[in-house]
Amino acid sequence: MNLLQERLRSQHAAYGDWLAQRHVADRELQRLLNRHAARRAAPLVLTGSVDGRLSAAVSHWLARYGDNHGDVPVFRYHFGSSRDARRSGQVVNQLLHWLQEQAGLREPVPAAPATAQEVLPNWLARAAASRSLVLMLDGVDSQEGLSDDSGPAWLPAFLPESVRLVMTMRPGPEAEALRQRGWEIYPVDDSSTSTVGDMLAQLPVGQADAVCALWAARHGLERDVVRGLGFDDAVPDGLTYPWGNHLCLAGAEVQDAAARRLMPDGMDRQAWHALLARGLEGRPEDPVLLAERLWHLVAAADWSSLAALLTDPAALRILLAPEWRYELLEAWAAWGADEARVHYYLEAVQGWAPREVTDGPELILSLTEAFRELQLDQALEPLFQHAINREPGAEVGSAYGGWLMDQGRAPEAEPLLRQTLDVLGGPAGDAVELRAARHRLAMVLEQQDRLDEAEALYLLALKEREAALGQQHVGLLPHLNNLAAVRKARDDYTGARGLYQRALSLAERHYGQRHPTTAACLDNLAGLLYAGQDLEAAEDLYQRALGVAEAAFGPSHPATAASAHNLATVMDAREQFQAAESLFRRAVQIRELALGAEHMDTASSLHNLAGVLDAMGRYDEAEPLYRRALETWEALVGREHPATATTVNNLADLLRETRQWNEAEALYRRNLKTWSELLGESHPHVIMTRAELAGLYADKADQGRAEPLLRQALQETLEVMGGAHPQHVACVTRLAALLRDSGRRTEARDLLRQAIDRAEGTLGMLSPLVQKLRKHLDALQLDGNRLH
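All figures in this text were calculated on a predicted structure; none of them were measured in a lab.

(A) Representation of the overall build of the protein chain. Helix and strand counts for the protein chain come out as 37 helices and eight strands. Judged by the C-alpha coordinates and their principal axes, the protein chain covers about 110 × 65 × 50 Å. For the protein chain, the proportion of its 788 residues judged to be buried stands at 52%. Look at the contacts in the protein chain between residues 6 or more apart in sequence, and 65% of them connect residues 24 or more apart. Counting every atom, the protein chain has about 34,100 Å² of accessible surface; 48% of that belongs to carbon and sulfur. In the protein chain, which carries 80 positive and 108 negative side-chain charges, the distance between the mean positions of the two groups comes to 5 Å.

Have a look at this one:
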């Protein structure tokens, strides 16, 4: 546990203990909470007057529960413990740090609030996969920015069955919103009357000033500091609580009342923050005090002092460290974290003298990492270039190469990464920097379709990790999956299968059957089996993965939608169209609600749902879905993108089937142009599109345009795909039908015989494709006017 998290948890515990000391334990509530913790149940929301009897009752219960269930981890969070605790970003940050410890996660806690909120359901599921957890959130309605018509936006609507959540809040719209989620609301009768306003009104000047200073302080103030400011620290106990040698305002009600009564003007509040900020000047080496000063400068709107502090190398060394980066990003959010801020930092670092800032390149790289967390990648190249010009070392080259790779600039990234490996002594080895550079180079080679070279590096990485960790270490998982993925891309399904199976076995042994990581391994292996046409085995694994996703994330999470979508693709391939339709509809519904209609995953599920309806002949239902998917693809990735072209092709096929030939022809021609420009004239997608266009002309009985295109497609499919490919066989049967219809039956029979000879040599005489060709030939020989 880092210093900051230790301090914050200590303060929450001190506030809870203070509450418990002021109130007698409520036995009825103790029994209710014990029952809730002992069984699977919806989250429990206790409503009443927080910062008093209700909060104290929960604190009493937590103390007893911890004594009796020491093996069950408990996360406690009192929103009223400080003004800082009332920020949603702070509770998510602290909860993620706690989950990281409980699950032994190696990933760093995301500093960016949006990313932190995104990973929370996954981390919660991983921590709860093998043990029970208790979460206690006290005074949730005092969170800043909470909407009246919804619960806390950061809190997952679904919790794994082994998680027990207890919340306290005042009655009102927020509690009703949680009732709508299906959570249990339990009103607690509390007839006590607040005396906070009267207490504040009766304070002498010295104590009132002390309360104002405590209000401005982020986590309270030491008593010596209060007295050093010339204030009276003998504030009544009902307004403050002790935390070690600190004095803190006791609860959200006190904090809000102090602001209203003692500092009604916003300028007064800023002045108190400015006063405390001045008292912290000149002490950047202390991380806690540095974070406090950031808090005050932001609240005081002292932007010039904030800018000076945030570009000071000594301050940045602390704030860019993973455990303090959240504080930096919070300050950036107030200051303005955008591309202009990146340019501001570029000017600042260019002024750092190398003799004074000897770790300049390292600081610059940490800056780029922080900006990348905020998705400001596009503006970062000048910072990388300045760092590499200042000190062209291995760490800088690896990071710059990785950034270039992420921007899709693999040819530029490759020499940087190779140079980095040379500096580090070559690709072999297991040092952290070397592993990172080697992995990035392998990914760069993958981007350039140099799969053999990428495979060699992934294999080397796996062997180095095996030597360091052993054959059964869970740390091998990413390396097994990387190597398996590149083998799958090379169509080496046998080589990939053993690796994916080994990864699944490791995940099951280490994490258990119900863990999200196990589900990911199931998905990987199922995807391989699906690609290799082992559809029955793929279906079984996708079913298991869906079960894990539903248990871990609930029925309405994007992870569940992804599992349903994957399973539906197998059911579609097995021609179990009704099951596929149901699963795709579920995926569409979840994704539209969770991700929005204008999202690539939503468009993918729409496209596949349309394909299933199309296969069942329900063209009137399929066509509008194809059009919706196409509109979404065009908006998100543009007209000249493979995803867009795939939907265009399917829509054209449907329109051709329903005899809407003019629009179908236009779409086929559009795709011919798209695929040719993207992939080249000899790519199978171009050839197949040309064959489909030829088939359309044949369907229209436009022999003049159909025959030359069919002959071209016939030759191209034979050369590129082979005589046993279904697309080649389709071209054969179409051309044979055209020849028959034009009275050239002998030529049609010869064409079919030649195709049978080619296919038999590859597939054997009992192959379904060969049998299809024979049926066509037999039908033509029996009746010269028809094919089978």
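(B) Quick look at the packing of helix 21 (residues 432–447) against helix 22 (residues 451–469). Across the interface, helix 21 lies against helix 22 with an axial gap of 8 Å and an inter-helix angle of 155°. In terms of orientation, helix 21 and helix 22 fall into the roughly antiparallel class. Here the hand of the crossing between helix 21 and helix 22 comes out left-handed. Across from Arg435, Arg438, His439, Leu441, Ala442, Met443, Leu445 and Glu446 in helix 21, the residues of helix 22 making contact are Leu451, Glu453, Ala454, Leu457, Tyr458, Leu460, Ala461, Glu464 and Arg465. In terms of residue class, the contact of helix 21 with helix 22 is built from ten nonpolar, one polar and six charged.

(C) Structural context of the sheet that holds strand 2 (residues 74–78). With parallel pairing, the five strands of this open sheet are ordered in space as 2-3-4-1-5. Edge positions in the open sheet fall to strand 2 and strand 5 (184–187), since each of these has one partner strand only. Recorded for the sheet is a direction-independent mean angle of 15° between the axes of neighbouring strands. Bridge count for strand 3 (residues 133–138) against strand 4 (residues 163–169) is six bridges, and the pairing is parallel.

(D) Local environment of the sheet that holds strand 7 (residues 240–243). Pairing in this open sheet of three strands is antiparallel, and the strands run 6-8-7 from one edge to the other. Sheet topology places strand 6 (221–222) and strand 7 at the edges, where each strand pairs with a single neighbour. Taken together, the two bridges between strand 6 and strand 8 (residues 246–249) define a ladder with antiparallel strand orientation. In the strand pairing of strand 8, Glu222 is matched with His246.

(E) Broad picture of the side chain of Ser81. Inspection of the secondary structure puts Ser81 in the loop between strand 2 and helix 4 (88–103). On the accessibility criterion, Ser81 (2% relative accessible area) is buried. For Ser81, the residues in contact, after removing those within four places along its chain, are Gln11, His12, Tyr15, Tyr241, Leu249 and Gln255.

(F) Spotlight on the pattern of salt bridges. Per the stated rule, a full pass over the model turns up 57 salt bridges. Residue Glu592 is joined to Arg628 by a salt bridge in which the shortest nitrogen-to-oxygen separation is 2.4 Å. Of the two residues, Glu592 is situated in helix 28 (residues 577–594) and Arg628 in helix 30 (residues 619–637); the sequence distance between them amounts to 36 residues. A residue is classified by how much of its surface remains accessible, and Glu592, at 29% relative accessible area, is partly exposed. One salt bridge connects Arg656 with Asp699, and the closest N-O pair in it is separated by 2.8 Å. With a gap of 43 residues between them, Arg656 in helix 31 (residues 642–657) and Asp699 in helix 33 (residues 684–699) connect regions that are remote in the sequence.

(G) Fine view of helix 13 (residues 303–310). Taken together, the buried positions of helix 13 are Leu306, Ala307, Leu309 and Leu310. Taken end-on, helix 13 shows its buried residues confined to a sector of 165°, consistent with a single buried face. On its buried side, helix 13 packs onto helix 12 (287–299), helix 14 (313–319), helix 15 (325–335) and helix 16 (339–350).

(H) Region of the structure containing the nonpolar core. Core analysis: the biggest nonpolar cluster contains 156 residues, and Leu310, Trp332, Tyr345, Phe371, Leu383 and Leu773 have the highest contact counts within it. Residues contacting Trp332, with those up to four places away along its chain left out, are Leu310, Ala337, Tyr345, Leu367, Ala370, Phe371 and Leu374. If you look at the next biggest cluster of nonpolar residues, it comprises 35 residues, including Ala116, Leu124, Leu133 and Leu137.

Reading the values: rules and limits
Residues numbered from 1 in each chain as written. Predicted model: local features only at pLDDT ≥ 70, side-chain atom pairs only at ≥ 80, totals over all residues. Heavy atoms only, no water. Helix = DSSP H or I, 4+ residues; strand = E, 2+ residues; numbered from the N terminus. Buried < 20%, exposed > 50% of the residue type's maximum accessible area, 1.4 Å probe, protein only. Contact = heavy atoms within 4.5 Å. Areas by Shrake-Rupley, 256 points an atom, 1.4 Å probe, with all protein chains shown as cover. Lys, Arg positive; Asp, Glu negative; His and termini not counted. Charge placed at Lys NZ, Arg CZ, Asp CG, Glu CD. Axes fitted to C-alpha atoms, helices over the stretch in contact; angles between N-to-C directions. Parallel < 35°, antiparallel > 145°, perpendicular 65-115°, else oblique. Left-handed = near helix turned anticlockwise from the far one by under 90°. Nonpolar A, V, L, I, M, F, W, Y, C, P; charged D, E, K, R; others polar. Pairing = 2+ DSSP bridges. Salt bridge = Lys/Arg side-chain N within 4 Å of Asp/Glu carboxyl O. Arc of directions from axis to C-beta. Core = buried A, V, L, I, M, F, W, Y, C linked by side-chain atoms within 4.5 Å.

That's the geometry; what it means functionally is another story.
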